[in-house]
Structures are given as structure tokens and as C-alpha cells.
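Report on the structure
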Amino acid sequence: MILLNDIKVPIDGDQEDLKRAIEKKLKASIRSYMIRKKSLDARKDPLYVYSVLVDVKDEEKYIRKGYQKYIPEQLEPDRIDTDETCIIIGYGPSGLFSAYRLHSAGYKVIVFEKGKRIEERVRDVETFFQTGILDPESNVQFGEGGAGTFSDAKLTTRIKDRYIDYILDLFIRFGASERIRYENHAHIGTDEIRKIIGSITDHLIAEGVSFHFGEPVTGLILNEMHEAIGVTTKQGSYDADHILLGIGHSAQETYEMLKKQGVFMEKKDIAIGFRVEHPQSFIDARQTDALVKEANEYFLRYKGEKGVYSFCMCPGGIVIPAMSDRNSIVTNGMSYAARDSGYANSAILIQVFKEEFEDGLAYLRSLEKEAYDYSRSYQALAQNIGDFMNGELHPLVFESTYPLGTVLYDFNRFFNEKDLTILKEAFRDFDRKIPGFIDKGIIVGPETRSSSPIRINRDQTCQSVNTKRLYPMGEGAGYGGGIMSCALDGIRIANAILWKHEQI
Ligand SMILES: Cc1cc2nc3c(=O)[nH]c(=O)nc-3n(C[C@H](O)[C@H](O)[C@H](O)COP(=O)(O)OP(=O)(O)OC[C@H]3O[C@@H](n4cnc5c(N)ncnc54)[C@H](O)[C@@H]3O)c2cc1C
């Protein structure tokens, strides 16, 4: 295969047009091609620019002419002869990818996940969405696949890392579309990612990885040097050589257990806010490059005394109840592969610096409970954006997609004076960028679980700074945010163990 860059095709072009453009460049017929990258050039007449791998007869001739031969990087780990055991606590993206990699390398892997397998979890989540009966152990945050299972499953990250292809290849091998390899802002959708994760788990079970669903880890077994040498659960105790901690940001009792056992952690900055929702047709029409499909998304940033930004946008999605604790309200966004709800939602968040709170977990839980106490139910709090700007309350300009209903609430009560001023400046700025953003939109919230308020610090070998053989990873440890970055962090931890901490 040879690698060709900079192949340009009009945005309404199809696969045949791309093939023709490749053949024109090579001045030859080709056998096949595979897209590696596709990006939009909207500077003049919008174009798609492709990088492709091409199978062409007499490849050497083109290499002599200066074309690049494609040699895939070997990213699979070499199998090693080991009888070491790795325990993985939490089976979100960081847990899944570390489990997959360590198992592939020959380690004995045991996974503990407090939530259930996907089929049962989907039933529990759907029951909650329909009836308001929440299972604190099986919900949007907890269970097979972790927090990203009920999501838009956007695979975006700003991180540049050679293992991104390794992650995408695994998703594709287990059922994702090839498009995720090259599409900008690729997403899988909750319906598809559930199937993919389920298939990866089935594969690992068939390969001999031991899974304990519905069995939360309740303690670490520590030796006299404060090294983690095993874990306890209600069912028993288990020894291990390495313990990977991928607990996400929502398991309060797990953080408390770790704190009690003396694992070092510190508070970190967070962000809070709410979801905004607009009719998707309004967002599509208001984007400057409305000609192209990517127009259905927006990314908004406002730099005032504090940052305010849009986060985790779900075009064609719904706002969902994402709480894991009873008597609390937390919103988030989710979409199906078709992204066809007719509404766009995105979090709008304002930074909260760690100096502004004593205990981040307690602070966030108090906001979530305050929302519940006002609503007296799992109905989310909601307000027209225009009313938020003026401190008024009127019926919503449209009904939210949030499945449990909403109650009107003045979000001016939710923030301190300083944050309110910054948030309103931000909305005026967003309204200049997308005219009508204020009048056409509603707020649904609160949104409090966009990142962990805690960092479980690790050293250069990726072990906890004061509890060796314990490897904090992913979002809950403060080393990732989002599916891709947490998956990458899981791989990083697996590599640290594989390479005996030498080359990470
Ligand atoms: C509704 C929603 C939508 C999202 N949408 C996107 C998106 O589109 N794109 C994106 O990139 N990111 C998205 N995210 C964020 C992304 O899902 C997370 O950043 C990512 O899942 C974090 O991965 P993780 O492995 O660190 O932890 P998690 O995925 O949070 O998994 C942690 C797991 O650990 C388990 N656990 C906790 N304590 C214990 C214990 N004591 N014993 C055993 N198990 C335990 C939990 O049950 C959980 O399953 C979304 C999140 C939510 C909630």
C-alpha cells in the first residue's frame, strides 16, 4: 500500500469521485483504497481533503517516484511469559482498554465492576427514564462500559497519540463503522457503542478474563509498606501483583474508602453549569458553513475572568438524567447513531477553582441535592435562556427532551454574583456568534459531573505516589476526560506494567 495525502474532492462528491481523484493523481487504475483521514477545507469552495492508502499494481514504481510506502506500526504488545495477576477496578474505557491490553500480553486479568452487564443495565436505565425509580448501583454512571455507554459516544480528543488508531481499530473490529477512523468529530451513538462494548466483553470472557459484575471493591489489602497487594469485596478477598483503579468520577463511597486507607489524593479545579437545548434546525441554519454536514455542531468558548465553554455537544440528541445518587439531579447528553431527535444539546460550563470549595465531592453533591429539593422529584430544573438573562420565569419556548419532565426554576439562584455576571457575558458573546442563541434556547440542569474534583496522584511509574502497586487511571483519578483520553490512559497504565515502568 502507498500513502497519498492531499486528495481533494468537492463536498458533494462520492466514493467514485474520490477513486477518480486518486487515479488522476497516480495516472493509473487502482485496485482499492482505504481512507485514513478526511478533513474539511472551507476556506473558499468547501472541499474534503483526504489521506488514503492505495493498493496499486507495480507499487515499487510509485515508491521510486517518491510516494511513501505505508508500513503499519506494530502496536500490539508482545506476549510475555508471566504468571502475574492484574486486578482492574472499574470497567469504563480506562478499565476496558487496560484489561484488553494486559490480557493480550499474557497477564491474568480480573475485572471488578460495581454495575451490571449492558442488557440488565439498559433495562435499569430505561426503567429510571420512564418511572423515576433509580438504582444507585446500575445507572448512567455505573456498569459495563462505564459512563460513556449512555452517551453520544463522540470519539474526539485533542490528544495526539499513536495509540488512537489502536483504540479505533478495536472498536472497528468489534462492530464500529470504518468511518470512525477518518471522520472529523466521529461519534458512534449509544445504541452502537453498547453492542460494541458487549462484544469486546464477550470476547474477553471467552479468552479467559475473569469478570465480577455487580461486585464493587470495598477495600484494598495493604502490606506493612503500604503497598496494594489485593482487594476485598463483600464476596471475598483477592490477591494481585498490580491493581488498576479506573473508578470514574461518581463513586463517592470508593473515594471515601481510598481516603480512609490513606491513598494520597488532592482536590482539583472543576466546572459546573447546565445543558442548553435548541431546535437542531436552528443550529444548522445559523452555522456559517451550513453547506456542510459538520455544521450541526458548535464549540463555544468565552474567556472572561473565568472560562465559560460548551462541552460534550450532542447534535440530534436528548438531555438525560445522569445521577447515580438518590434524591439528586444531574443532567448530561446522549444520542443515538442516527442523531435524529430534532434537538441539539450541549453543556455550558463555568470554571470553579479548587480554592473555591473545601471538599469537591461534597460541594457537587450539595448542588445536586439542592436541585432535587427544589424540584421535589427527578424532574430537571429548566428556564428559557432569555429569562435567565433577565431573571424572569415564563413557560419554556419548547419542551425539553429530558425524559422525566422539568420544573421552572430561576438559575440566577444557582450561581454566585460573580459567576452569574461572567455567565451572562458569555451568553451575550455566544449570541453574537450564533444569533438567536439566547432567544431560541432553554436551559436544563444542573450539570455537575463533567470532571472529577479529585486527583489521585501518581508518580513517574504511574503508581500512586504513596501506595505502590496501585495505578490510578482515567477520569476518576484526574488523568483523563472523555472516552478516548480515558481509553488512552488505560493503555498507558497497561504499558507501564508491561514495560516494567521503563519506557512510558
Ligand atoms: C451521559 C454521558 C455522556 C458522555 N458522552 C461522552 C461522549 O460523547 N464522548 C466522550 O468522549 N465522553 C463522554 N462522556 C464522558 C466519558 O464517558 C467518561 O469520560 C469516561 O467514561 C471515563 O472513563 P473511565 O474509565 O475513567 O471511568 P468510567 O467510564 O466512569 O467508569 C468507571 C467505572 O468504575 C466503576 N466503579 C466505581 N467504583 C467501583 C468499585 N469500588 N468497584 C468496582 N467498580 C467500580 C463504575 O461502576 C464505572 O462503571 C460522557 C459521560 C456521560 C455520563
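Residues numbered from 1 in each chain as written. Predicted model: local features only at pLDDT ≥ 70, side-chain atom pairs only at ≥ 80, totals over all residues. Heavy atoms only, no water.

**A word on the domain arrangement of the protein chain**
Parsing the protein chain into structural domains produces domain 1 (2-69), domain 2 (85-266 + 455-498) and domain 3 (269-447). For domain 1 and domain 2, the distance between their C-alpha centres works out to 38 Å. Contact with domain 1, which involves 7 residues of that partner, is made by 4 residues of domain 2. Taken over both partners, the interface formed by domain 1 and domain 2 buries close to 550 Å², and the fraction arising from carbon and sulfur atoms is 47%. On inspection of domain 1 and its partner domain 2, the count reaches 1 salt bridge. One salt bridge connects Asp-165 with Arg-36, and the closest N-O pair in it is separated by 3.0 Å. On inspection of domain 1 and its partner domain 2, the count reaches 2 residue pairs in polar contact (both at pLDDT 80 or more). Here the residues of the side of domain 1 that touches domain 2 are counted per class, giving 3 nonpolar, 1 polar and 3 charged. (Domains from an automatic or database assignment. Contact = heavy atoms within 4.5 Å. Buried area = accessible area lost by both parts, 1.4 Å probe. Salt bridge = Lys/Arg side-chain N within 4 Å of Asp/Glu carboxyl O. Polar contact = N/O pair within 3.5 Å; in protein donor to acceptor, adjacent residues only side chain to side chain. Nonpolar A, V, L, I, M, F, W, Y, C, P; charged D, E, K, R; others polar.)

**Remarks on the packing of helix α3 (residues 93-105) against helix α6 (residues 190-206)**
It is the contact of α3 with α6, at a shortest axis distance of 11 Å, that shows an interaxial angle of 30 degrees. As far as their axial angle goes, α6 and α3 are roughly parallel. Here α3 and α6 pass one another in a crossing that is left-handed. Within the contact between the two elements, α3 uses Leu-96, Tyr-100 and His-103 and α6 uses Ile-197, Ile-200, His-203 and Leu-204. Residues belonging to the contact of α3 with α6 are distributed by class as follows: 5 nonpolar, 2 polar and no charged. (Axes fitted to C-alpha atoms, helices over the stretch in contact; angles between N-to-C directions. Helix = DSSP H or I, 4+ residues; strand = E, 2+ residues; numbered from the N terminus. Parallel < 35°, antiparallel > 145°, perpendicular 65-115°, else oblique. Left-handed = near helix turned anticlockwise from the far one by under 90°.)

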